[in-house]
Each structure stands twice: as structure tokens, then as C-alpha cells.
Amino acid sequence: GGIFPVVVSTWPFREAVRAAWEVVSASGGAGCSAVDAVVAGCSACEVLRCDGTVGPGGSPDENGETTLDALIMDGTTMEIGAVAAMRYVKDGIRAAKLVMDHTEHTLLVGEKATSFAISMGLVGPADLSSPESIGKWTIWRQNHCQPNFWKNVVPAGSCGPYNAIDVPSGESKASAKRVLERTQGDICQGLFEPNNLLEPMNSRLKIVNRHNHDTISMAVIDKMGRIAAGTSTNGATFKIPGRVGDGPIPGSSAYADDEVGACGATGDGDIMMRFLPCYQVVESMRRGMEPRDAAMDAILRIARKYPDFVGAVFAINKKGVHAGACHGWTFQYSVRNSSMQDVEVITVSP
Ligand code: SD4
């Protein structure tokens with residue numbers, strides 16, 4: 001009886017939820033934990049390249065490179081493993097699990113995360129670009145070349161890497177504008193006019209949508225009541241190289257605690273990570289809030305400071321009651337439990 005196990009995931013990532021369900025609903029054995037199911041589910045999304053924003057071949061950065069952010073959390077032990085801006089390895093969530101299982105650390109970054117993952121047996125170096133990611137980047141560069149994530153500087157050329165330089169103005173050198181200048185091969189030279197200071201900030205808002213700024217965040221409760229959560233993403237499309245989003249940040253993109261429940265998040269990670277919305281959701285539920293109220297509260301805390309932010313969370317308590325809340329877009333999350341025949345997708349309006 002009962003509804004356990006339960007799998008919940010951001011977005012209609014049905015195949016990922018089914019993959020997790022296969023693992024967690026299998027009878028007996030050690031391979032059926034909530035952690036294993038989250039890894040199987042997120043891994044399926046990496047292989048399927050869910051929405052072109054998870055796994056190899058997904059959303060490129062300003063330089064056209066695809067990198068991975070991933071996190072796994074065991075809500076029984078509160079152990080976490082995560083990788084950020086990892087290059088040249090296709091398996092984000094597996095790398096995160098290796099960090100959790102085989103190190104005393106929580107988060108490894110960049111090429112050092114790559115080296116670690118390869119030393120632990122993952123395949124690499126691998127090319128994380130695909131015809132789609134290169135195509136997306138080429139079109140962005142040729143047609144728009146909007147450096148979406150800069151503010152308070154004027155991109156003089158475009159499409160990094162940049163040098164910050166002082167541009168002499170009528171004022172003193174000290175108050176001269178900081179300008180970003182490409183260090184090599186101007187492709188879109190002249191697109192940006194001086195005094196265009198707000199343009200990068202405004203255009204940034206435009207690029208956050210379901211198909212270019214997306215994440216799988218998943219939570220699983222297994223038959224024994226163990227709870228795990230995890231995340232895998234390429235991060236934000238055309239991010240500044242080196243940027244780490246909310247994906248690998250504990251409490252931001254995901255959080256789990258057997259005593260309470262779990263949470264997963266998606267959206268504008270640069271904003272959301274300032275609020276640790278998933279930690280907030282779990283702590284609110286710990287103090288007695290229903291999942292719906294906890295999810296809404298976490299979203300509203302962000303929206304009060306950033307009325308234009310785009311994001312969403314799902315919350316699930318240890319009884320299996322779940323809910324979602326969103327802001328700036330319509331959110332969908334997927335659920336599979338023992339009382340369902342297959343994955344159900346739930347739509348949440350702002
Ligand atoms: C990030 N949160 O890196 C990720 C991207 C995303 O839905 O979720 N989008 O900002």
C-alpha cells in the first residue's frame with residue numbers, strides 16, 4: 001500500500017522520471033535507494049539532452065563551450081557531492097556522486113572536477129559540444145551577440161573573452177568607464193554603443209525561458225522513506241565562462257532531508273542562489289508549513305526583491321504530498337508514485 005516510492009522532477013521530463021522510477025520501484029536489493037534513483041533519472045536527462053539544456057551538447061557559454069553543473073544530496077546522511085562548470089566529461093550527476101561517495105569534499109569545479117571525474121573512471125576528455133550547441137552559438141554570435149550577463153560595463157566588441165579597460169572620458173581617469181574589450185578577433189565589433197549601459201541587463205531578462213535556461217531537478221522518496229534530491233544542467237545559455245549557477249549549490253537547486261522532505265528548483269540561478277530557495281522550502285516544512293505554502297513562500301521571498309525574476313520550485317514532504325510554485329513563467333513538474341499508472345505532469349501558474 002501507500003504511494004511510496006515517489007519520484008518528482010522539474011518539467012515534463014517523463015523519460016527521466018521513468019528511469020528513476022525503474023530504479024526505485026525495483027524489488028529488493030541495494031540498487032534501489034533514493035540516491036541511486038536520482039542519479040539514474042538525472043543521468044537519463046543528460047543522455048537524452050533534455051530540452052537541449054542538460055548534459056553534453058547543450059547550452060553553450062559565451063565562448064561556445066558546453067559545461068556541466070550537477071549536484072546530488074542524500075537526505076539520510078546529509079552528504080552532498082557536486083561539480084560546477086565541469087569541462088570535457090559528459091556525466092554530470094555521476095561525477096557529483098563520485099565526489100559524494102569518494103571524497104570528504106562537497107563541490108569540485110572546472111578542469112579539476114574534470115580530472116577528478118576521469119581519475120575515478122568516467123570517460124574523458126569528451127567533446128561536450130554538438131552541432132546544435134555550436135549552431136546555437138554561431139547564430140547568437142552572428143545575429144545578436146548580446147553579452148547577456150554583463151552589467152555596468154559597456155561591451156566594446158562582443159562575445160568574450162574580454163579585457164576590462166578604462167575608457168578616458170571627459171572626467172577624471174578614476175571615474176572613467178570600465179569597458180570590456182575583446183582580447184581576440186572581433187566578430188561583432190561595433191554592435192554596442194557607449195552609454196548603452198542598461199542593454200545587457202535588459203536583454204538578459206529576455207533570454208530566460210523554458211528552452212534556454214533549464215534544469216532537471218529531481219527528488220525521490222524510496223520505499224524505506226529515504227529521501228534524495230539532485231540537479232543537472234548546463235547552466236544559463238551564453239553564460240560568462242566560469243559562471244557557476246544554482247545547479248551545484250546545496251539548498252539552492254535542490255535539498256533533501258529524510259526528517260522533512262525535499263525540494264527542487266529551476267530558473268534564473270544567478271538570482272535564486274542568493275535565497276537558497278530549496279533550503280528555505282525544507283526548513284519551512286520542518287516548521288509545519290504545507291508544501292504548497294512553503295513553495296509559494298520561497299518564491300515570494302525572491303519576487304519581493306526581484307519582481308522580474310523567472311523561476312520555480314517544487315516541494316514534497318515526507319508523506320509524499322507535493323506542490324509547485326513559480327514566478328515569471330508557467331511551470332510544470334512531473335510525478336510518479338505507486339498509485340499512478342505512469343508519470344503525471346502538473347502545471348503550475350504564476
Ligand atoms: C542556472 N538554474 O544555471 C540554472 C538554469 C535553469 O531553468 O534552471 N534553468 O541558472
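For the structure itself, consult the block above.
Once a new chain begins, its residue numbering starts again from 1 and follows that chain's sequence as written. Local features are withheld for residues below a pLDDT of 70 in this predicted model, meaning they are given only at 70 or higher, and side-chain atom pairs are given and counted only at 80 or more; totals for whole chains, interfaces and linings count all residues.

Engineer: Just to check I follow, could you spell out the sheet that holds strand β10 (residues 254-257) for this structure?
Structural biologist: Within a sheet, neighbouring strands are paired by backbone hydrogen bonds and run either parallel or antiparallel to one another. Across the sheet, 4 strands lie side by side as β10-β11-β12-β13; this open sheet has antiparallel pairing. Unpaired on one side and paired on the other, β10 and β13 (322-327) mark the two borders of the sheet. Between one strand axis and the next, the sheet turns through 10 degrees on average, direction left out of account. In the packing of helix α8 (residues 277-286) onto the sheet, contacts are made with β10, β11 (261-267) and β12 (311-317), and the angle to β11 comes to roughly 150 degrees. Strands are labelled as partners when DSSP assigns at least two bridges between them. Each helix is a run of H or I in the DSSP string that is no shorter than four residues. Each strand is a run of E no shorter than two, and both are numbered from the N terminus. To obtain an axis, a line is fitted to C-alpha atoms, over the contacting stretch when the element is a helix, and the angle between two such axes runs from 0 to 180 degrees between their N-to-C directions. Each residue gets a C-beta atom placed from its backbone, and two residues are in contact if those atoms lie within 7 Å.

Engineer: What exactly am I supposed to notice about the site of the ligand here?
Structural biologist: In the vicinity of the ligand, 13 residues are found, and the nearest of them are Thr215, Gly235, Gly245, Thr266 and Gly269. For this scheme, ten residues count as nonpolar: Ala, Val, Leu, Ile, Met, Phe, Trp, Tyr, Cys and Pro. Four count as charged, namely Asp, Glu, Lys and Arg, and the remainder, Gly too, count as polar. In terms of residue class, the shell around the ligand is made up of 1 nonpolar, 9 polar and 3 charged. Throughout this description, a residue near a molecule or strand is one whose C-beta atom, derived from the backbone, lies within 6 Å of it.

Engineer: I would appreciate a short explanation of the pairing of strand β14 (residues 331-337) in the present structure.
Structural biologist: For a regular strand, side-chain orientation follows a simple rule: the groups alternate between the two sheet faces. Once C-beta atoms are placed from the backbone, each residue is buried if 20 or more other C-beta atoms lie within 10 Å of its own, exposed if 12 or fewer, and partly exposed for counts between those two. Most of β14 is tucked away, with 6 of its 7 residues classed as buried. Summarising the sheet, strand β1 (residues 6-10) and β14 pair through 5 bridges and their orientation is antiparallel. Bridge pairing in β14 places Thr10 opposite Tyr333. Sheet topology places β14 next to strand β15 (residues 344-348); 5 bridges connect them, and they run antiparallel. Paired with Ser334 across the two strands is Val345, which belongs to β15. What sits between the antiparallel neighbours β14 and β15 is a turn of 6 residues.

Engineer: Would you mind showing me how to read the sheet that holds strand β2 (residues 68-74) here?
Structural biologist: The mixed open sheet is built from 8 strands, whose spatial order is β4-β3-β2-β9-β8-β1-β14-β15. Of all the strands in the sheet, the pair left with one neighbour each is β4 (107-109) and β15. Going from strand to strand, the sheet's axes swing by 15 degrees on average, the running direction of each strand aside. Pairing between strand β3 (residues 79-86) and β4: 3 bridges, direction parallel. For Ala84, the partnering residue across the bridge sits in β4 and is Val109.

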